[in-house]
Amino acid sequence: MNFSFKSTRGLCLVLLAVLMVSCGKSDKGQLVGVKGKKWFPEKPYGMVLVDGGSFIMGKSDDDLAGVKNAPPVTVTVPSFYMDETEITNSEYRQFVFRVRDSVVRQKLAEAAELTGEDGDDGIHQFAFKNQRDDDDLTPFEEFSKHYNPFNQALNWNPKIIWDPAKYPDEDYVYVMDEFYLDEDQSYNGGRMLDVTKFRYSYKTMDVDAAARSKGERTDFITKHEVMVYPDTTVWIKDFNYSYNEPMHNDYFSHTAYDNYPVVGVTWEQAKAFANWRTKYLNDYKKSKKEMNANFFRLPSEAEWEYAARGGIEGGTYPWGGPYTKDDRGCFLANFKPLRGDYAADQALYTVEADAYEPNDFGLYNMSGNVAEWVNTSYDPSSYEYMSSMSPNVNNTKNKRKVVRGGSWKDVSYYLQVSTRDYEYQDSARSYIGFRTVQDFLGNSLNLN
């Protein structure tokens, strides 16, 4: 193809203009700001947007006992996303299995490194992904390897071999044996994992304390190491003289309960899950060179109550109230009705996380099924001194954390959206689960 002089000259002018723009000359000396990456609000999978607003939080005056620790106050919360259901066994298992597989792959990669041999078979197929021959390392890389030999990326390509009959070599056998209980601790002919080996580590900073102090930032950073497997023994420990072994054996692991809410998790485990969920999403976004997503977290007590009310002012329950049955005589939630007749609502224990009708925000089981951890410490008088703007009282020294919504084993009073209850943050129960929220960045009204 032939170009004329005029077309060539025109192309040069275009290129010159592009160069001027890239050099920052297009602003003509004006203040135009620094532009970041393009970003659009993205609704997380399985969540609904709860538009912020003001509401009257707390008990009505006719509940004299309840009003002592939940007097009515007007508060305002910003917009946020919330899980439409409680976190299910299936969703929590994704967290557990990812942590479990990470720990196993780390140990396999370390063992492959320590053999001092190379190869693509046996335990060596699990070697660190960016492992290279020493001859190819720069002096700095050689120095770094000497002082931190295992700070390398895990190799997720090969599948972990769980069947002992298919272990590829002795080194693999040695590593895998670490993760199982001794034979005398197992029963029914099964080989049981030692779940205490699988822990999730992460760091948090107490931003509130750091902002109010003149100390070093490092003084407010805490490292957490949390066991990830739920405590299935809660089905036994929570009830004396009761046969709940089937729930102990199958509730978390069997696929029949995939869509049921996870239980047996502590407040600390729920927070660890939220941290992992954030990291898991942002690792993917980083691979696509996209902007990071905001943090997933537990809701504050005010956010939870605002969401549970579903926009109904003065409602007793998420569906309004004050009754727990509809006009056909069907119960509207999973709880303990009729003086302890667990089966009157067609469920003895938990039900599917999306059972019953959602409230007007599209949220399921905000009352009943399982009570839910929130990110607020329990203080009977907190309503009297908390802020009216996005309130949250979370004292790190107060180990009593608020749980909301009531559960399958509670009477209807605990299902009321304004009823407060608590449990200690290191305790797990067969009737407490959780759901997470994510802050909405910007003004949600712009979406309408």
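Residues numbered from 1 in each chain as written. Predicted model: local features only at pLDDT ≥ 70, side-chain atom pairs only at ≥ 80, totals over all residues. Heavy atoms only, no water.

## Thoughts on the confidence of the model for the protein
Looking at the protein, the pLDDT average stands at 88 and 88% of residues meet or exceed 70. When the criterion is pLDDT under 50, residues 1–8 qualifies, and its contacts beyond four places in sequence or with other chains add up to one contact. Predicted confidence is poor over residues 11–23, with pLDDT under 50, and the contacts of this stretch with residues over four places away or in other chains come to three contacts. (pLDDT = per-residue confidence, 0-100. Contact = heavy atoms within 4.5 Å.)

## What to know about the packing of aromatic side chains
Enumeration according to the criterion identifies 32 aromatic pairs in this entry. Taking the centre distance of 6.1 Å and the plane angle of 50° together, the rings of F198 and Y229 count as tilted. With F198 in the loop between α4 (170–177) and β5 (199–205) and Y229 in the loop between β6 (221–227) and α6 (234–237), the pair connects residues that are 31 residues apart, well separated along the chain. Exposure class is identical for F198 and Y229. Each is buried. (Phe/Tyr/Trp six-rings, centres within 6.5 Å; stacked < 30°, edge-to-face > 60°. Helix = DSSP H or I, 4+ residues; strand = E, 2+ residues; numbered from the N terminus. Buried < 20%, exposed > 50% of the residue type's maximum accessible area, 1.4 Å probe, protein only.)

## Examining the sheet that holds strand β12 (residues 437–439)
The sheet built from four strands is open, its strands ordered β1-β4-β12-β7 with antiparallel pairing. Of all the strands in the sheet, the pair left with one neighbour each is β1 (47–50) and β7 (296–297). Sheet analysis places β1 next to strand β4 (residues 80–83), joined by four bridges and oriented antiparallel. Bridged to M47 within β4 is D83. Of the strands in this sheet, β1, β4, β7 and β12 touch helix α9 (residues 301–309), which is tilted by about 75° from β4. (Pairing = 2+ DSSP bridges. Axes fitted to C-alpha atoms, helices over the stretch in contact; angles between N-to-C directions.)

## What about α4?
All buried positions along α4 are accounted for by Y172, V175 and M176. Looking down the long axis of α4, one finds its buried residues gathered within 95° of arc, a one-sided arrangement. The exposed set on the far side of α4, more than 90 degrees from its buried face, consists of E170 and Y174. Where the residues of α4 are buried, they touch α2 (89–114). (Arc of directions from axis to C-beta.)

## Some words on empty space enclosed by the protein
Summed over all chains, the structure comprises two cavities of 30 Å³ or more. Estimates place the volume of the largest cavity at around 50 Å³. Considering the residues around the largest cavity, the lining is formed by M57, S300, E301, A302, T376, S382, M386, P391, N392, V393 and R420. Looking at the lining of the largest cavity residue by residue, the class counts come to five nonpolar, four polar and two charged. Put simply, the second largest cavity is a space of about 50 Å³. In terms of lining residues, the second largest cavity is bounded by N89, P230, T232, W235, M247, Y251, F252 and V263. Of the residues in the lining of the second largest cavity, the class split is six nonpolar, two polar and no charged. (1 Å grid on protein atoms, 1.4 Å probe; cavity = no way out; pocket = protein on both sides within 12 Å on 5 of 7 lines; lining within 4 Å. Points joined across faces, edges and corners; volume = space filled by probe spheres on them. Nonpolar A, V, L, I, M, F, W, Y, C, P; charged D, E, K, R; others polar.)

## Brief notes about the layout of surface pockets
Of the volumes computed, that of the largest pocket is approximately 1600 Å³. Looking at the largest pocket, it is lined by 39 residues, and the ones nearest its centre are M205, D206, K271, N375 and N394. Looking at the lining of the largest pocket, the elements that each hand over two or more residues are β5, α5 (207–211), β6, α8 (267–287) and β7. In terms of residues, the lining of the largest pocket owes the most to one element, α8, which gives six residues. Class assignment for the residues of the lining of the largest pocket results in 13 nonpolar, 14 polar and 12 charged.

## Focus: the pattern of salt bridges
Pairing between side chains becomes possible if they bear opposite charge and their charged atoms approach one another. Counted by the stated rule, this structure contains 21 salt bridges. With a shortest N-O distance of 3.0 Å, D231 and K237 are connected by a salt bridge. Under the relative-accessibility criterion, D231 is labelled partly exposed at 27%. Judged by its relative accessible area of 55%, K237 is exposed. Between R435 and E372 there is a salt bridge, with its nearest N and O atoms 2.7 Å apart. Of this pair, R435 sits in the loop between β11 (432–433) and β12 while E372 is found in strand β8 (residues 371–377), placing the two residues 63 residues apart along the sequence. A residue is classified by how much of its surface remains accessible, and E372, at 1% relative accessible area, is buried. Shared partners join several salt bridges into a network, and the residues in it are E301, E305, R309, R404 and R420. (Salt bridge = Lys/Arg side-chain N within 4 Å of Asp/Glu carboxyl O.)

## Some details on the pairing of β4
The alternating pattern of β4 places F80 and M82 and Y81 and D83 on opposite faces, both of which are buried. The sheet contact formed by β4 and β12 spans three bridges and is antiparallel. The residue of β12 that forms the bridge with Y81 is Q438.

## Considering α2
Between its first and last C-alpha, α2 extends 37 Å over 26 residues, near the 38 Å set by a 1.5 Å rise per residue. Immediately beyond the C-terminal end of α2, within one or two residues, lies G116, with a positive phi of roughly 75°. (Expected span 1.5 Å × (residues − 1).)

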